[in-house]
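# Reading the structure
Each chain is listed here by its residues.
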2 protein chains.
Amino acid sequence: MSQTEDAQRHQTLMAKTKAAVDARIAAAQTDCGVLLVITGPGKGKSSSGFGMVARALGHGLKVGVVQFIKGSRATGEESFFRRFPQEVSYHVCGEGFTWETQNRERDVQKAQEGWAIAQGLLQRADVGLVLLDELNIVLNKGYLDTDAVLADLAARPAMQHVVVTGRGAPDALVAAAHTVSEVSAVKHAFKQGIRAQPGVEF
Amino acid sequence: MSQTEDAQRHQTLMAKTKAAVDARIAAAQTDCGVLLVITGPGKGKSSSGFGMVARALGHGLKVGVVQFIKGSRATGEESFFRRFPQEVSYHVCGEGFTWETQNRERDVQKAQEGWAIAQGLLQRADVGLVLLDELNIVLNKGYLDTDAVLADLAARPAMQHVVVTGRGAPDALVAAAHTVSEVSAVKHAFKQGIRAQPGVEF
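The present account deals with the structure reproduced in this document. Think of each chain on its own: its residues are numbered from 1, step by step along the sequence as written. Chains and ligands are labelled by the order in which they are written, letters from A for the one and numbers from 1 for the other. Given that this is a predicted model, residues contribute local features only at a pLDDT of at least 70 and side-chain atom pairs are listed and counted only at 80 or more, while totals for whole chains, interfaces and linings are drawn from all residues. Excluding hydrogens and water, the side-chain values take into account all heavy atoms of the structure.

The next subject is the overall build of chain A. Runs of H or I in DSSP of at least four residues are treated as helices and runs of E of at least two as strands, each being numbered from the N terminus. Tallying secondary structure elements over chain A gives eight helices and six strands in all. Going residue by residue from the N terminus, the α and β elements of chain A occur as α-β-α-β-α-β-α-α-β-α-α-β-α-β. Only protein chains enter the area calculation, which uses a 1.4 Å probe; residues under 20% of their type maximum are buried, those over 50% are exposed, and those in between are partly exposed. Counting the 202 residues in chain A, one finds 52% classified as buried. Counted over contacts in chain A with a minimum sequence separation of 6, partners at least 24 positions apart contribute 80%. The Shrake-Rupley method, run with a 1.4 Å probe, gives the accessible areas here. Residue values count only the displayed protein chains as cover. Approximately 8,700 Å² of chain A is accessible, and the part contributed by carbon and sulfur atoms is 51%. In summary, the charge assignment counts Lys and Arg as positive and Asp and Glu as negative, without counting His or the chain termini. We put the charge of a Lys on NZ, of an Arg on CZ, of an Asp on CG and of a Glu on CD. Positive and negative side-chain charges in chain A, numbering 22 and 21 respectively, have mean positions lying 5 Å apart. We call two residues in contact when some of their heavy atoms are within 4.5 Å.

A word on the relation of the copies chain B and chain A. When the copies are overlaid, the least-squares fit takes in C-alpha atoms only where the residue has pLDDT of at least 70 in both copies. Aligned on chain A, chain B shows an RMSD of 0.0 Å; the corresponding rotation is 180 degrees and the shift along the axis is 0.0 Å. Taken together, the rotation and translation relating the two chain copies correspond to the operation of a two-fold axis. Mapped onto chain A, 100% of the interface residues of chain B again fall at the interface, so both copies present the same surface.

On the chain A side, the residues contacting the 83 residues of chain B number 83 residues. Summed over both partners, the accessible area (1.4 Å probe) lost when two parts come together is defined as the buried area. Buried surface at the junction of chain B and chain A, summed over both partners, amounts to about 6,800 Å²; 56% is from carbon and sulfur atoms. When the area that chain B buries against chain A is broken down by residue, the three leading residues are Arg55, Gln102 and Lys187 of chain B, summing to 11%. Salt bridges are defined as contacts in which a side-chain nitrogen from Lys or Arg sits within 4 Å of a carboxyl oxygen from Asp or Glu. For the pair chain B and chain A, the interface holds six salt bridges. The residue inventory of the side of chain B that touches chain A, partitioned by class, reads 37 nonpolar, 29 polar and 17 charged. Polar here means any residue outside two lists: the nonpolar Ala, Val, Leu, Ile, Met, Phe, Trp, Tyr, Cys and Pro, and the charged Asp, Glu, Lys and Arg; Gly therefore counts as polar.

A word on the pattern of salt bridges. Per the stated rule, a full pass over the model turns up 14 salt bridges over all chains. The residue arginine 195 of chain B makes a salt bridge to aspartate 31 of chain A at a minimum N-O spacing of 2.7 Å. Here arginine 195 of chain B is found in the segment after strand S6 (179–187), whereas its partner aspartate 31 of chain A is found in the loop between helix H1 (3–27) and strand S1 (35–39) on a different chain. Taking relative accessible area as the criterion, arginine 195 of chain B reaches 35% and is therefore assigned partly exposed. Measuring nitrogen to oxygen at the nearest pair gives 3.4 Å for the salt bridge that ties lysine 110 of chain A to glutamate 113 of chain A. Remark: glutamate 113 of chain A and lysine 110 of chain A occur in helix H5 (residues 104–121); sequence separation between them is three residues, near one turn of the helix.

Over its 25 residues, H1 of chain A extends 36 Å from the first C-alpha to the last, a length consistent with the 36 Å expected when each residue adds 1.5 Å. Check the buried side of H1 of chain A and you find it contacts helix H4 (98–101) and helix H5 (104–121) of chain B. Every helix has an expected span of 1.5 Å times one less than the residues it contains.

Our focus in this paragraph is the pairing of strand S4 (residues 127–133) of chain A. A regular strand carries its side chains on alternate faces of the sheet. All names here are of chain A. Counting buried positions along S4 gives seven out of seven residues, so the element sits mostly inside the fold. Following DSSP output, two strands are said to pair if at least two bridges run between them. Judged from the six bridges that link them, strand S2 (residues 62–68) and S4 form a sheet pairing that is parallel. Looking at S4, one finds that valine 63 is bridged to leucine 129.

Take the sheet that holds S4 of chain A next. In spatial order, the strands read S3(A)-S2(A)-S4(A)-S5(A)-S1(A)-S6(A)-S6(B)-S1(B)-S5(B)-S4(B)-S2(B)-S3(B); together these 12 strands make up an open sheet with mixed pairing. Unpaired on one side and paired on the other, strand S3 (88–93) of chain A together with strand S3 (88–93) of chain B mark the two borders of the sheet. The sheet shows a mean angle of 15 degrees between the axes of neighbouring strands, taken without regard to direction. Here H5 of chain A sits on the sheet and contacts S2, S3 and S4 of chain A; the angle it forms with S2 of chain A, its principal contact strand, is near 170 degrees. To obtain an axis, a line is fitted to C-alpha atoms, over the contacting stretch when the element is a helix, and the angle between two such axes runs from 0 to 180 degrees between their N-to-C directions.

A few words now on the pairing of S3 of chain B. All names here are of chain B. Pairing analysis gives six bridges linking strand S2 (residues 62–68) to S3, with the strands arranged parallel. Along S3, the bridge assignment pairs valine 63 with valine 88. Handedness of a crossover is defined as follows: with both strands directed away from the viewer, a clockwise route from the first strand across the helix to the second makes it right-handed. Of the crossover connections in this fold, the one passing from S2 over helix H3 (residues 76–81) to the parallel S3 is right-handed.

For any pair of aromatic rings, geometry is given as the distance between the ring centres together with the angle between the planes. To pair, rings of Phe, Tyr and Trp, with the six-membered ring standing in for Trp, must have centres within 6.5 Å; the planes then decide the type, stacked if under 30 degrees apart, edge-to-face if over 60, and tilted in the middle. Evaluation of the coordinates by the stated rule reveals 14 aromatic pairs over all chains. Between the aromatic rings of phenylalanine 80 of chain A and phenylalanine 81 of chain A, the centroid separation amounts to 5.1 Å while the plane-to-plane angle is 70 degrees, which identifies the pairing as edge-to-face. Exposure remark for phenylalanine 81 of chain A: the relative accessible area of 0% places this residue in the buried category. Through successive ring pairs, a cluster of aromatic residues spans Phe50, Phe80, Phe81, Phe84 and Tyr90 of chain A together with Phe50, Phe80, Phe81, Phe84 and Tyr90 of chain B. A ring has a charge above it when a Lys NZ or an Arg CZ is no more than 6 Å from the ring centre and no more than 35 degrees off the ring normal. In this structure, arginine 73 of chain A is placed above the aromatic ring of phenylalanine 202 of chain A, and the distance from its NZ or CZ to the ring centre is 3.9 Å.

Below is the structure:
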């Protein structure tokens, strides 16, 4: 095939793809607050949530962040997004992983404190995106009641987006969500003897 | 079981978990620039990359971003991270999806221009993290030579982290990476008639 024929063939194929994509785009015209769940064992769930925080800020939205579980060490995301107190309402409501705290009662109490803050954010129509980081873990462990959490999520402002991250998303949350991604670990640096690097893992 | 016994049992179990986790942490003591690949068809790959950009900035690192493929519309991530020209070197080197441009030669040219910029960033020891957004697509389509790209990645400064996103990561890149996550789509709002929402999808 000559280079011209090749280019022509590419153009024809892409035009066909474009027609199909355009038809799908035309079929999707609803605007609403989206509920996203990013779950699974692989690296990239919380960072995906924080990327959406950055995107939302770039579109002039106000953002709320509640970090469950985490809180035993300073993170880059917290240092960074706390620079914008007018745009980001940032809350850390944990004291570290469950095996660090070793106190279920205290973990439950922290989760409940976190949810009280989340409830406040889920009632604010001026907050365009709420990130509930590691909420899945808290639900999975039964520190919060999933039905009660789902009721609060369902009652949020119509155009408010919510991103929930963490392993082990409960089935009922997956069922309620619009978008659900499962992140699997093909491989991880940690297993090759590389410790958690600032800017990447935290 | 009484509440006290239950709390005691939780504490014992968590202490055991902590010992196992601590042993794994003790075994992972290497510090180095990590090569991460976030691939697969699900939502959250680019946003994960941008979350790591935010994390890196929070730790005082300088960051370089090259967005391949994208460029046909303004994104939240671009508006946001361009606020920090001293900290983020931001480059958009595409004109949209391949079915929008319908011109393979032009797509190849844009990819090559993007790679020339990436090469510059991959030589700067003062840049702690480089995000190569949608590079996988460009490699998968053969717009750039994967071996040449891998050689440039291997020659980067020892402590520089690189995040590569996009569907269809080539096997050789997966083999070279320290951390690889595959994001699968359990479900997506788009298929429910909801169009791409600013702050979430772009």
